[in-house]
Amino acid sequence: KYGKERGINYYLEMSYVAELANDKIISISFANSTYTGGAHPNHYSLTINFDLQTGREIKLADLFKPNSNYLSVISDYCIETLKEKAGDMTDDEWIATGAGPEAKNFESWNIKKTGILINFDPYQVAAYAAGSQDVLIPYERLKNILKPEWASQLQ
C-alpha cells in the first residue's frame, strides 16, 4: 500500500523462518515474492542448511549413504503425498515431473526436528492457485539410507 500510494507498482518481499536452530545445525527457509507486472506476483523459496560444527553448508546428498538411491526414495514419498493432498489443482504427470527423482526438484529443503521438509514452489507440482506445496518426510522413512553421523543428530 505504501509503495502504491507513491507510484511504485513493483515489489520484492522476503521473509524467513528458522526451521531448526540448535548448537549443531541451523536450517532457514526464505519466502520470496516479487511483482514485476503481469497477472500475479511470483513466489519462490530459498533455503540454507548449515552445519555449525564444520562451518559448511549441508547439501541434501550429504545426509545420505553413498549409492542409497536417496532421490528415488524422496521422490516416491513426495509423489505419493502430493497426489493425496493437492486435489484438482494438479495431475499425476505434473507431480511426476516436478517431484521426479532429479536433484533439481529437491533444491529447496529444510531440516526439521521431525523430518526433512521438501518445498515445491508454485507451478512445480501444481497450479499457481494451489500455492506452494511442501512435504515433510519423517526420519523414520529415511532411517535406512541416512548416514549414521546424520541419523544420530537428526533424530
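For the structure itself, look to the data block above.
Just so we're clear, the structure is a prediction, and the values are computed from it rather than from any experiment. (Residues numbered from 1 in each chain as written. Predicted model: local features only at pLDDT ≥ 70, side-chain atom pairs only at ≥ 80, totals over all residues. Heavy atoms only, no water.)

Quick notes on the nonpolar core
- Among the nonpolar cores identified, the biggest contains 32 residues, and Leu63, Ile74 and Cys78 are the most heavily contacted of them.
- The leading source of residues in this core is helix α2 (residues 70-85), at seven residues. (Core = buried A, V, L, I, M, F, W, Y, C linked by side-chain atoms within 4.5 Å. Buried < 20%, exposed > 50% of the residue type's maximum accessible area, 1.4 Å probe, protein only. Helix = DSSP H or I, 4+ residues; strand = E, 2+ residues; numbered from the N terminus.)

Some words on the sheet that holds strand β5 (residues 109-111)
- Pairing is antiparallel in the open sheet, where three strands are placed in the order β5-β6-β7. Of all the strands in the sheet, just β5 and β7 (133-138) have a single pairing partner and so form its edges. When strand polarity is set aside, the average angle formed by the axes of neighbouring strands in this sheet is 20 degrees.
- When strand β6 (residues 115-120) meets β7, the two strands line up antiparallel, connected through six bridges. Within β7, the position partnered with Leu117 by the bridge is Leu136. (Pairing = 2+ DSSP bridges. Axes fitted to C-alpha atoms, helices over the stretch in contact; angles between N-to-C directions.)

Some points on the pattern of salt bridges
- Tallied over the entire structure, the rule returns five salt bridges.
- For Lys59, the salt bridge goes to Glu57, with nearest N and O atoms at 3.5 Å.
- Glu57 sits in the partly exposed class, given a relative accessible area of 37%.
- A salt bridge links Lys85 to Asp134; the shortest N-O distance between them is 3.6 Å. (Salt bridge = Lys/Arg side-chain N within 4 Å of Asp/Glu carboxyl O.)

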